[in-house]
Amino acid sequence: MSNQKKICTAVLAHVDAGKTTLSEAMLYLSGNIRKAGRVDNGDAFLDTYALERARGITIFSKQAVIKLQGAMLTLLDTPGHVDFSAEMERVLQVLDYAILVVSGADGVQEHTKTLWRLLAHYQIPVFLFVNKMDQEGTDRERLLDELRGILHENCIDFSDRDTEHFYESIAMCDENVLERYLKDGSVDERDIAGLIAGRRLFPCFFGSALKMEGVAEFLEAFVNYVREPEYPSEFGAKVFKIARDEQGTRLTYLKVTGGSLIVKQALRGMKRSVAAGEEENRHWEEKVNQIRIYSGEKYETTDELAAGAVCAVTGLSYTYPGEGLGSEQASDMPILEPVLTYQILLPEGLDAAIMLPKLRLLEEEEPELHIVWDERLREILVQMMGEVQTEVLKSLIKERFGIEVEFGEGHVVYKETIANVVEGIGHFEPLRHYAEVHLLLEPGEHGSGLTFAAKCSEDVLDKNWQRLILTHLQEREHIGVLTGSAITDMKITLVSGKAHLKHTEGGDFRQATYRAVRQGLMQAESVLLEPYYDFVLEVPENAVGRAMMDIERMHGSLDYDAGWEESAQNAGGVKGMRCLTGSAPVATMQNYQKEVISYTKGQGRLSVTNKGYLPCHNPEEVVAAIGYEAERDMEHTPDSVFCAHGAGFIVPWDSVAEYMHLPSCLSENMHEEEAFLPEKLLPEAKRGRLDGEEEAWIGTEEIDRILAQTYNANKRDKSVPAKNRFKLRGRDKAAVAAVTRDYQTKLPAEEYLLVDGYNIIFAWRELAELAQKNIDGARGKLLDILCNYQGIRRCKLIVVFDAYRVVGHKTEIFDYHNIHVVYTREAETADQYIEKFAKEHGRKYHVTVATSDGLEQIIIRGSGCQLLSAREFEEEVVRAGRMLMENYQESKEKSRNYLMDGLSEETMNSFKVDDES
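Trainee: Quick question: what am I supposed to make of the overall build of the protein chain here?
Mentor: The helix and strand tally for the protein chain stands at 27 helices and 43 strands. When the accessible surface of the protein chain is summed, it comes to about 42,500 Å², and 46% of that surface belongs to carbon and sulfur atoms.

In structure tokens, the structure reads:
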């Protein structure tokens, strides 16, 4: 057993793709179960809950152990229904590899795309199994083209291994492998395994899990090509699930990521939250009572577990999903989150105070439920993904606690952010207490959530106090001032603070921190956000007009770039259907599926995925309907407490700046205070790094110049009355000494062209042929072509090449004549570099990206950039070359034209344009 590879993997899929059926087939063929169960028969080995067997879907993630020759797989079966996506995402945190199942009958669905994006986010290598290939009308080549077009161009068919075409396809995934293939004529298995582990290759298998076709071959290849990660000797573990067994014992599911876990070993951690005044009890230390290795419903116990294994332990009371134990770091907040909130209707006579602690137990197991007690309305609210989840939760409450509850109508979960930069000040100084906190609140990128940082000198505030303030910022859900909804997409930076040597206690900074956040929000220009769906709507041709009017009525938008392509409802093909894609608010679209079925007479189909939060389409109506009054919310007060003559007194939020003990970090006369400012508000000469030097980056000089100008633009306009600088809910407020700043200036419309080097080389026939003989020659020729092209286009041209597999390589940037050339650092692909550039600069400058990478194009377009496919770029270069040749002929200069050398006569003739063009 010690020589066996230990691999943790999970089966992921869109609902009804055959995910659990494939898991059953793998368990059966490996000899781990005697009979393969079926979901529709209710006897699947991994669907252990009665509710799962009754509904025929997977609701909770389960574990099974598959023992094979040379490997031991921990197989995690995950839910496929979109309502249980949060359960699935928690499992991703501990995976070494993923198995993505695609239905051969339905192809790539919207939820499949969501899964693919999540796997890319968590950087998990993927094997694909196209299931249900036994059904009539399935077409392997069509499906493979679909996978390459939608998911990744390096989805390679592994059904016909050991063929020349197979090895050639593998070699095209990586430059180094290609060079070895051109030399030796074959590809080593170690290279294949390395490409898979590095997410540069995605093996595809085809078969029928129900009929056991293709499963054995898939299992054999999977074991052959996976590689066990290297783990450190120091103990570490990642918690991914909390559950309870039939006796009510609390189980902490975790993966050991370093060293080993031993029974009775003492583990330490921090509680997620503690009551006010009990900060000293935040840390916990408990011993592991039992280590269980589950396989289906049954489990085995062990006294020690090595790194790489997954288990459930008892004896831990305060763990939570995503927590890191030992040397392991905690996970980031999950990407998928609930978008609907429901009121829980309790039986008559049942006190909410009795029910709340029971619901907290379920929230512990499902953190995304987010149980909330609304004191004002005396209601219990719960956040969920959809109606199916409400039915499941209702059954769980009855099964676990014997209480039958109902749910009210679902409402959208709103969020809030800000549109400008403000300084929030919190002061807490009742008698014999003292703390003051200054926070900088800045708008964040769309979808970035909340990020926290400290830019405060230790000469001003001790490091321990700074850590405590950051802890208080993260321990609580901060709410906005428009509707009382959670805030998001903001960066909150600690820029200054003050403690008293004698009177300051931990709880004082908690109060000051909360008040600083709230006081900043009261000043800021708040923006109400609502969740949006990305949708794919398939309707008959005669219903397109109705569908378009509905989308407009729902305040949605159509993606006209996607075209009005004819679509099929299944692999067999139903002609006469049209596909509409776009986005719309969840509030207007959540019940639209029923309408689609009605007006298309059952022919239409609507698929939706969460797009994220965008500005609300009707903020005034929502704010008025909710009726939240920020200044009357005493639990989230923005006011501060100061002390005078031996007694504390309250200072309203709009007067705090007149009483604060520290200077404002946004004041006009900045000298010592400049050290507390975020870097982007500092002049270039005073800019530094907190976390070490960042990698070199194109465009730094231009951006630094703009930011330096921006800093000088931060001066306060004293001619503007304070009361006009902000307005809260229609009532003018006295201003707080000019703390709101509009520090962004209009950016020049610089034009950038980013070229994905190897993508273009292998897309242009002449360069691809040259690359087979000499990849360096192809690179050089492309650079010469681009130099001439830049001379005509007069843009800032950057060509990016992968160097991500070069051990220890740092980002290398140099000028080649009149263009910039970038070789990416180790573990960074050209795609990632370009996507990062596009995200940071796509909406500031005019950025165009030349690539034919389908997934990259989606991301680039979402960043506000223009796109050129390899084919379109080649046409553009030919036109530029023609123009250059005409100029040469006119001036009778006989210099060599490298641009025209890079393209064959055949290619030139294929792009002939008339005189008018």
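On we go.
Trainee: Would you mind going over the side chain of E363 with me for this structure?
Mentor: Within the fold, E363 resides in helix α10 (residues 352–365). Of note is the side chain of E363, whose polar atom sits 2.9 Å from the side chain of R360. When neighbours within four sequence positions are excluded, E363 is seen to be in contact with L369, H370 and I371.

Trainee: For this particular structure, what's the right way to read helix α3 (residues 85–92)?
Mentor: Since the α-helix advances by 3.6 residues per turn, residues separated by three or four positions end up pointing in the same direction. Summarising burial for α3: 8 of the 8 residues are buried, a large majority. Where α3 is concerned, the buried positions are S85, A86, E87, M88, E89, R90, V91 and L92.

Trainee: What's the story with the pairing of strand β5 (residues 126–131) in this structure? I'm lost.
Mentor: Two faces belong to every sheet, and in a regular strand the side chains alternate between them. Burial analysis of β5 places 6 of its 6 residues in the buried class, which makes it a mostly covered element. With burial as the criterion, each face of β5 is covered, one bearing V126, L128 and V130 and the other bearing F127, F129 and N131. Here strand β4 (residues 97–103) runs beside β5; their pairing, made up of 6 bridges, is parallel. Residue pairing across strands places A98 opposite V126, the latter belonging to β5. Handedness of the β4-helix α4 (residues 110–121)-β5 crossover: right-handed. Both β5 and strand β7 (residues 202–206) contribute to a ladder of 3 bridges, which runs parallel. Bridging across to β7, F129 finds its partner in F205.

Trainee: When you look at the sheet that holds β5 in this model, what are you seeing that I'm missing?
Mentor: Whenever strands of a sheet pair, they do so through backbone hydrogen bonds, lying parallel or antiparallel. Taken in spatial order, the 7 strands make up an open sheet running β2-β3-β1-β4-β5-β7-β6, and their pairing is mixed. Two strands in the sheet have a free side with no partner beyond their single neighbour: β2 (62–68) and β6 (155–157). Across the sheet, the mean angle from the axis of one strand to that of its neighbour is 25 degrees, orientation sign disregarded. Its contacts with the sheet place helix α1 (residues 19–29) against β1 (5–13), β2, β3 (71–77), β4 and β5, and it is angled at close to 150 degrees to β1.

Trainee: Honestly, the pattern of salt bridges in this entry has me stumped. Any pointers?
Mentor: Oppositely charged side chains can form a pair if their charged atoms are brought close together. Taken as a whole and assessed by the stated rule, the structure comprises 31 salt bridges. Residue D191 pairs with R180 through a salt bridge whose shortest N-O separation is 3.0 Å. Of this pair, D191 sits in helix α8 (residues 189–197) while R180 sits in helix α7 (residues 175–184), placing them 11 residues apart in sequence. According to the relative accessible area criterion, D191 is buried, its value standing at 18%. Salt bridges sharing common partners tie together R546, D550, R553 and E595.

Trainee: I'm lost on the sheet that holds strand β16 (residues 310–314) in this one. Help?
Mentor: Across the sheet, 6 strands lie side by side as β14-β13-β16-β9-β8-β17; this open sheet has antiparallel pairing. Sheet topology places β14 (298–302) and β17 (324–326) at the edges, where each strand pairs with a single neighbour. Ignoring which end each strand starts from, the neighbouring axes of this sheet average 40 degrees apart. Both strand β13 (residues 290–295) and β14 contribute to a ladder of 5 bridges, which runs antiparallel. Looking at β14, one finds that I291 is bridged to T302.

Trainee: Where do I start with unusual backbone geometry in this structure?
Mentor: What is expected of a backbone is that most residues other than glycine have negative phi and most peptide bonds are trans. In this structure, D489 is a non-glycine residue whose phi angle is positive, near 50 degrees. Given the relative accessible area of 8%, D489 is considered buried. Phi is positive for H817, which is not a glycine, with a value near 55 degrees. Tracing the chain through its elements places H817 in the loop between β40 (812–816) and β41 (819–823).

Trainee: What is the right way to read the packing of helix α6 (residues 164–171) against α7 from this model?
Mentor: Axes are the key here: two packed helices are described by the angle between their axes and the distance separating the axes. At a minimum axis distance of 8 Å, the contact between α6 and α7 shows a crossing angle of 145 degrees. Of the residues in α7, those in contact with E164, Y167, E168 and A171 of α6 are V177, L178 and Y181. Broken down by class, the residue content of the contact of α6 with α7 amounts to 5 nonpolar, no polar and 2 charged.

Trainee: How should the pairing of β16 be read in this particular structure?
Mentor: Counting buried positions along β16 gives 5 out of 5 residues, so the element sits mostly inside the fold. Burial of the side chains of β16 extends over both faces: V310, A312 and T314 are buried on one face and C311 and V313 on the other. Note that strand β9 (residues 250–258) and β16 share 4 bridges and pair antiparallel. Bridge assignment links L254 to a residue of β16, and that residue is C311. Here β13 pairs with β16 via 3 bridges, running antiparallel. Bridge pairing links R292 to A312 in β16.

Trainee: Looking at this structure, how should I read the packing of aromatic side chains?
Mentor: The geometry of an aromatic ring pair is captured by two quantities: the separation of the ring centres and the angle between the planes. Per the counting criterion, the structure on display carries 29 aromatic pairs. Ring centres 6.2 Å apart and planes at 15 degrees place the aromatic pair F814 and Y823 in the stacked group. The residue whose ring lies beneath R199 is W116, and the NZ or CZ to ring-centre distance is 5.8 Å. One Lys or Arg, R476, reaches over the ring of Y514 and ends 4.2 Å from the middle of that ring.

Parameters at a glance
Residues numbered from 1 in each chain as written. Predicted model: local features only at pLDDT ≥ 70, side-chain atom pairs only at ≥ 80, totals over all residues. Heavy atoms only, no water. Helix = DSSP H or I, 4+ residues; strand = E, 2+ residues; numbered from the N terminus. Areas by Shrake-Rupley, 256 points an atom, 1.4 Å probe, with all protein chains shown as cover. Polar contact = N/O pair within 3.5 Å; in protein donor to acceptor, adjacent residues only side chain to side chain. Contact = heavy atoms within 4.5 Å. Buried < 20%, exposed > 50% of the residue type's maximum accessible area, 1.4 Å probe, protein only. Pairing = 2+ DSSP bridges. Right-handed = clockwise from strand over helix to strand, strands pointing away. Axes fitted to C-alpha atoms, helices over the stretch in contact; angles between N-to-C directions. Salt bridge = Lys/Arg side-chain N within 4 Å of Asp/Glu carboxyl O. Nonpolar A, V, L, I, M, F, W, Y, C, P; charged D, E, K, R; others polar. Phe/Tyr/Trp six-rings, centres within 6.5 Å; stacked < 30°, edge-to-face > 60°. Lys NZ or Arg CZ within 6 Å of the ring centre and 35° of its normal.

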